Amino acid sequence: MLIAANWKMYKGPREARAFSEAFRAPKGVEAVICPPYVSLAATLESGHVVFAQNVHWADEGAFTGEISAPMLRELGVTGAIVGHSERRQHFGETDETVARRTLAALESGLRVIACVGESLEERETGQMELVLRIQVEAIADGVGTHSGLVLAYEPVWAIGTGKTASPEQAKEAHALIKSFLDVPVLYGGSVKPENAAELLSQPAVDGALVGGASLEVESFTAICQAAASLS
Ligand code: 13P
């Protein structure tokens, strides 16, 4: 089972190093840490599996502010999150750019956690299935199944809100996603030590992508332990 810590725009190198020195992944679970770019090197020092939070599709070029897959690989980074809803919402990420980033990263030998998920309005107006289909098929059309590809189902209404998808909702959405593209699917959205075991024990839930609760060693360790006890 894969449990990924998405630190978002938290933890500079000093805090990242302190966390990384204190954190030990329990046996039976693959723990991945996704720090901001400036803290990748500090997190790698303790021997953890480290992914970036984004990656560009070109190897190099005039793309101010972007980072490429070969640059990440040179540092020892082994994967990247792509298409997080915060990038889609605030930074103009589209299904097309998500697919381009995913394909290029996989071709460069990085693993990818590609994120999909519906907004509350889309869910409430009965568009969840359509939205997930469009988002997943954009990735599937470019890449298909690939051993380095994992999807993350992150309902936008559950991110940073304290609202979690019910185990039933997670089970249903994961099964739907797998019917479009049969790869492992992580759940993300207010995963906490208190709800991790129940969510992770659902069929088709293959791990978690954790935001807020991954910032403290204690809570992230507790989530990893919940996963380890299920595997
Ligand atoms: P929270 O766990 O803070 O809701 O964030 C989820 C997320 O966006 C992980 O990528």
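Report follows, based on the coordinates. (Residues numbered from 1 in each chain as written. Predicted model: local features only at pLDDT ≥ 70, side-chain atom pairs only at ≥ 80, totals over all residues. Heavy atoms only, no water.)

It is worth spelling out the packing of helix H7 (residues 128–143) against helix H8 (residues 167–180) at this point. Running from N to C, H7 and H8 cross one another at 40°; their axes reach a closest spacing of 10 Å. Taken together, H7 and H8 sit at an angle that is classed as oblique. You can see that H7 and H8 cross each other, and the crossing is right-handed. Between H7 and H8, the contacting residues are Met128, Glu129, Leu132, Arg133 and Val136 on the first element and Ala173, Leu176, Ile177 and Phe180 on the second. For the contact of H7 with H8, the residue count by class is seven nonpolar, no polar and two charged. (Axes fitted to C-alpha atoms, helices over the stretch in contact; angles between N-to-C directions. Helix = DSSP H or I, 4+ residues; strand = E, 2+ residues; numbered from the N terminus. Parallel < 35°, antiparallel > 145°, perpendicular 65-115°, else oblique. Left-handed = near helix turned anticlockwise from the far one by under 90°. Contact = heavy atoms within 4.5 Å. Nonpolar A, V, L, I, M, F, W, Y, C, P; charged D, E, K, R; others polar.)

With the rule as written, the count across this model stands at five aromatic pairs. Put simply, the rings of Trp7, Phe19, Phe23 and Phe220 touch in pairs and so form one group of aromatic residues. (Phe/Tyr/Trp six-rings, centres within 6.5 Å; stacked < 30°, edge-to-face > 60°.)

If you look at the biggest cluster of nonpolar residues, it comprises 63 residues, and the most contacted ones within it are Ile3, Leu132, Leu151, Tyr187 and Phe220. Those residues in contact with tyrosine 187 that lie beyond four places of it in its chain are Tyr153, Pro155, Ala158, Thr164, Ala165, Ala170, His174, Leu199, Val205, Gly207, Ala208 and Leu209. Leu2, Phe51, Val150 and Leu209 belong to the second-largest nonpolar core, a separate cluster that totals twelve residues. (Core = buried A, V, L, I, M, F, W, Y, C linked by side-chain atoms within 4.5 Å. Buried < 20%, exposed > 50% of the residue type's maximum accessible area, 1.4 Å probe, protein only.)

Once that is clear, we can look at the pattern of salt bridges. Tallying each qualifying case throughout the model produces eleven salt bridges. For glutamate 93, the salt bridge is made with arginine 87, and the minimal N-O distance between the two is 3.7 Å. For glutamate 93, a relative accessible area of 7% translates into the label buried. Judged by relative accessible area, which is 22%, arginine 87 ranks as partly exposed. Among the ionic pairs, arginine 123 bridges to glutamate 118, the shortest N-O distance being 2.8 Å. Residues joined in a network through salt bridges with shared partners are Glu66, Arg87, Glu93 and Arg101. (Salt bridge = Lys/Arg side-chain N within 4 Å of Asp/Glu carboxyl O.)

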